[in-house]
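Coordinates in review
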Amino acid sequence: MGETPRYQSRPTPEALGGEAPCSLDRIDDQRDAQTGSRPDLATPTQVHDLVTLFYREIVFDELLEPMFGEVAEVDWAEHIPRLIDYWCWILLGTDRYAGAVTRTHRELHHLRAITPAHCDRWFGLWQSCIDAHWAGPRADHAKSHAEALMAGMAKHVFGYEWKPKADIAGTP
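These figures come from a predicted structure and were not determined experimentally. (Residues numbered from 1 in each chain as written. Predicted model: local features only at pLDDT ≥ 70, side-chain atom pairs only at ≥ 80, totals over all residues. Heavy atoms only, no water.)

1. Concerning helix H6 (residues 137-158)
Between the first and last C-alpha of H6 there are 29 Å, a value that for 22 residues agrees with the 32 Å anticipated at 1.5 Å per step. Listed in full, the buried residues belonging to H6 are Ala 139, Ala 142, Lys 143, His 145, Ala 146, Met 150, Met 153, Ala 154, Val 157 and Phe 158. Viewed end-on, H6 has its buried residues packed into an arc of 165 degrees, placing them on one side of the element. Along H6, the residues that are exposed and aim more than 90 degrees away from the buried face are Pro 137, Ala 148 and His 156. Close packing links the buried residues of H6 with helix H3 (76-92), helix H4 (101-111) and helix H5 (116-133). (Helix = DSSP H or I, 4+ residues; strand = E, 2+ residues; numbered from the N terminus. Expected span 1.5 Å × (residues − 1). Buried < 20%, exposed > 50% of the residue type's maximum accessible area, 1.4 Å probe, protein only. Arc of directions from axis to C-beta. Contact = heavy atoms within 4.5 Å.)

See below:
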């Protein structure tokens, strides 16, 4: 007896006012486009993401993980927030960091020597992590600061000259 179908057919484009502009090539549909541009490290959230992504690589690295896990016995739940505060201070000018970078690394070096290979790997992973996700003046500053920091610690704390290798990629 003339019941209304439970599921009606989909309305035609004409019934909805015509085809969508992107279907008619009047405007570009960008919803699925990969832009290729990467953001700069401009917010605390982006710095958080950098630090967590980078140290996630460290914990799976055959050379660096033993230094962090076995020698330094890092408590990641405590260490990661300090690292985020440090990099927010360096990149964004916040004032939450209160630590002793040199002293901490000097103590670690006395427990087990930090070698040029450790410096190369750490810097290579740092650089690769930034290059994969961020670009811009602050991303460049994060890389140049890390390079200067590593070179300074190598010279004044670890006892050798260190410069990044031209082909450094952070891979074993």
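2. Quick word on the nonpolar core
Judged by nonpolar contacts, the single largest core of 40 residues is most densely connected at Tyr 55, Trp 87, Trp 122, Trp 126 and Phe 158. Apart from residues no more than four positions distant in its own chain, Trp 87 is found in contact with Val 47, Val 51, Leu 92, Trp 126, Ala 142, His 145 and Ala 146. (Core = buried A, V, L, I, M, F, W, Y, C linked by side-chain atoms within 4.5 Å.)

3. A short note on the packing of H5 against H6
Closest axis-to-axis distance for the H5/H6 pair is 10 Å, and the angle between their directions is 175 degrees. Viewed along their axes, H5 and H6 adopt a mutual orientation that is roughly antiparallel. Facing H5, whose interface residues are Cys 119, Trp 122, Phe 123, Trp 126, Gln 127, Ile 130 and Asp 131, H6 presents Ala 139, Ala 142, Lys 143, Ala 146, Glu 147, Met 150 and Phe 158. In terms of residue class, the contact of H5 with H6 is built from 10 nonpolar, one polar and three charged. (Axes fitted to C-alpha atoms, helices over the stretch in contact; angles between N-to-C directions. Parallel < 35°, antiparallel > 145°, perpendicular 65-115°, else oblique. Nonpolar A, V, L, I, M, F, W, Y, C, P; charged D, E, K, R; others polar.)

4. With respect to the packing of helix H1 (residues 44-58) against H5
One can describe the packing of H1 onto H5 by two numbers: an axis separation of 10 Å at closest approach and a directional angle of 135 degrees. In this view, H1 runs oblique relative to H5, as classed from their interaxial angle. Judged by the sense of rotation from one axis to the other, the crossing of H1 with H5 is right-handed. For the pair H1 and H5, the contacting residues are Leu 50, Leu 53, Phe 54, Tyr 55 and Ile 58 in the first and Trp 122, Leu 125, Trp 126, Cys 129, Ile 130 and His 133 in the second. Class assignment for the residues of the contact of H1 with H5 results in 10 nonpolar, one polar and no charged. (Left-handed = near helix turned anticlockwise from the far one by under 90°.)

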